[in-house]
Amino acid sequence: MNNIRKIGVFTSGGDSPGMNAAIRSVVRTCAYLKVECIGIYRGYQGMIEGDFKPMGARSVNNIINKGGTILKSARCQEFRTKEGRQKAYDNLIAAGIDAFVVIGGDGSFTGAMIFNQEFDFPVIGIPGTIDNDIFGTTFTLGFDTALNTVVEAIDKIRDTASSHNRLFFVEVMGRDVGHIALNAGVGAGAEEILIPEENLGRERLLESLKRSKESGKSSSIVIVAEGDKTGKNIFELKDYVEDNFPDYDVRVSVLGHMQRGGSPSCYDRVLASRMGVKAVESLLEGKTNLMVGIQDNEIILTPINKAIKGHTKIDKELIRVSDIMSI
Ligand code: ADP
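- An unreviewed UniProt entry lists the chain under the name ATP-dependent 6-phosphofructokinase, with Maribacter luteus as the source organism.
- In its Subunit (unreviewed entry) section, UniProt records this for the chain: "Homotetramer."
- The annotation that UniProt attaches to the chain under Pathway (unreviewed entry) is "Carbohydrate degradation; glycolysis; D-glyceraldehyde 3-phosphate and glycerone phosphate from D-glucose: step 3/4."

Here's what the structure looks like:
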């Protein structure tokens with residue numbers, strides 16, 4: 001044990017389901033280990049403004065099942081400046097906070113790493129993002145819930161698609177990575193999955209759709225990750241397919257921010273609980289500048305700079321499975 005007596009916790013950047021479960025875990029682990037816990041509202045913005053509130057074990061009752069984040073999240077330009085970070089540091093010191101747990105994505109971790117280097121302040125990260133794009137963990141908090149949300153939405157779209165012999169393009173989140181598209185696409189039985197990591201071209205998409213029509217399919221679902229480059233955007237892709245393949249009535253559905261909301265899945269709640277415990281225990285063991293992750297069902301630690309700089313790879317095996325399933 002070192003001399004950490006008070007730990008701050010906050011959520012930052014894009015929100016994701018499971019953040020509340022992680023806050024709960026950090027707060028309760030602190031209570032269990034008899035260290036004080038302080039909730040910092042609105043991420044780095046609240047740190048700069050000194051928006052702090054002590055949190056005891058009972059302050060996180062009934063939040064494990066809630067989407068969003070009770071501590072609110074924010075993007076904060078001022079924290080990108082040295083002056084902003086100095087204000088944040090002064091507030092933390094004035095409140096007697098010795099270390100913090102940041103729940104967020106790679107932007108939030110970059111901020112934490114810079115802060116750690118400047119002030120030698122102990123920090124540990126918990127990866128909270130639906131995109132699953134953080135190196136050092138097989139799953140980020142919120143990814144599993146987002147997959148379930150997407151699959152449920154596509155199941156509904158499938159009902160209307162098959163009633164009208166329609167082809168649906170469904171856009172899901174993922175500006176740089178196709179993890180949501182690929183996993184939800186396989187889970188929802190999509191005909192084609194278009195992801196940023198692979199650009200097979202518009203002609204091949206057309207061929208595949210023609211082939212499936214000839215094989216007797218009367219409706220199809222194509223999942224498109226936001227960052228996919230097959231078309232300029234999903235609407236342009238729809239026009240291209242309609243122009244070249246008039247047999248289908250083509251529709252577009254953009255799922256948007258609904259993917260970030262909702263009650264977290266059991267998997268995300270358990271993951272959040274495990275990660276929160278590890279984060280607090282690690283700080284108390286004198287560890288810092290690390291991110292908590294999960295690999296082979298073990299909770300592990302990765303240096304934050306590696307988590308930020310590393311790249312997550314798309315699951316090639318899943319691409320193969322998807323190709324076989326769409327015969
Ligand atoms: P996410 O954590 O979801 O990736 P952002 O990229 O918006 O979200 O980052 C969240 C916040 O982290 C930013 O609003 C900013 O306050 C802080 N941050 C991000 N990058 C830096 C940086 N290079 N230096 C300092 N703070 C940063």
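Picking up after the structure, the text goes on.
### Observations concerning the overall build of the chain
Next, step 1: Helices and strands together make up the secondary structure of the chain, namely 11 helices and 11 strands.
Next, step 2: The C-alpha atoms of the chain give a radius of gyration of 22 Å, which matches the 20 Å a tight globule of 327 residues would have.
Next, step 3: When the backbone C-alpha atoms are referred to their principal axes, the chain occupies close to 70 × 35 × 30 Å.
Next, step 4: For the chain, restricting intrachain contacts to residue pairs at least 6 apart in sequence, the fraction spanning at least 24 positions comes to 75%.
Next, step 5: Taking the average location of the 39 positive side-chain charges in the chain and that of its 42 negative ones, the two points are 5 Å from each other.

### Structural notes on the UniProt feature "binding site: ADP" (unreviewed entry) in the chain
Next, step 1: Look at the UniProt record and you will see "binding site: ADP" (unreviewed entry) annotated at Arg-24, Ser-25, Val-26, Val-27, Arg-28, Arg-158, Gly-189, Ala-190, Glu-191, Lys-217, Ser-218 and Ser-219. Across 196 residues of sequence, these annotated residues are also dispersed in space, with a maximum C-alpha separation of 53.0 Å.
Next, step 2: Note that Arg-158 resides in helix H5 (residues 143–163).
Next, step 3: For Arg-158, a relative accessible area of 32% translates into the label partly exposed.
Next, step 4: Apart from residues lying up to four places away in sequence, Arg-158 is in contact with Ala-188, Gly-189, Ala-190 and Ile-221.
Next, step 5: Tracing the backbone shows Lys-217 in the loop between helix H7 (202–214) and strand S8 (220–225).
Next, step 6: Of the residues examined, Lys-217 reaches a relative accessible area of 26% and is grouped as partly exposed.
Next, step 7: Contacts of Lys-217, omitting those with residues within four sequence positions, involve Glu-191, Ser-212, Tyr-248, Ser-326 and Ile-327.
Next, step 8: A distance of 2.4 Å separates the side chain of Lys-217 from the side chain of Glu-191, its partner in a polar contact.

### Focus: the environment of Asp-239
Next, step 1: With respect to the secondary-structure elements, Asp-239 resides in helix H8 (residues 234–244).
Next, step 2: Between the alpha carbons of Asp-239 and Leu-318 there is a distance of 29 Å; along the sequence they are 79 residues apart.

Reading guide: rules and limits
The written sequence of each chain sets the order in which its residues are numbered from 1. Local features are withheld for residues below a pLDDT of 70 in this predicted model, meaning they are given only at 70 or higher, and side-chain atom pairs are given and counted only at 80 or more; totals for whole chains, interfaces and linings count all residues. Side-chain calculation: all heavy atoms of the structure are included, whereas hydrogens and water are not. UniProt positions are given in the numbering used here, feature names are shortened, and annotations may be inferred rather than shown by experiment. Going along the chain from the N terminus, every DSSP run of H or I of four or more residues is numbered as a helix, and every run of E of two or more is numbered as a strand. Radius of gyration here uses only the C-alpha atoms, and the compact-globule reference equals 2.2 Å multiplied by the residue count raised to the power 0.38. Contacts were defined at the residue level, with two residues in contact if any of their heavy atoms lie within 4.5 Å. Note that His is not counted, nor are the chain ends; the positive residues are Lys and Arg, and the negative ones are Asp and Glu. By convention, the point assigned to a charge is CZ for Arg, NZ for Lys, CD for Glu and CG for Asp. Each residue's exposure class comes from its accessible area (1.4 Å probe, protein chains only) as a fraction of the maximum for that residue type: buried when under 20%, exposed when over 50%, partly exposed otherwise. Pairs of N or O atoms within 3.5 Å make up the polar contacts considered here, provided that, within protein, one atom can donate a hydrogen while the other can accept it, and that residues adjacent in sequence are counted only when both atoms are side-chain atoms.

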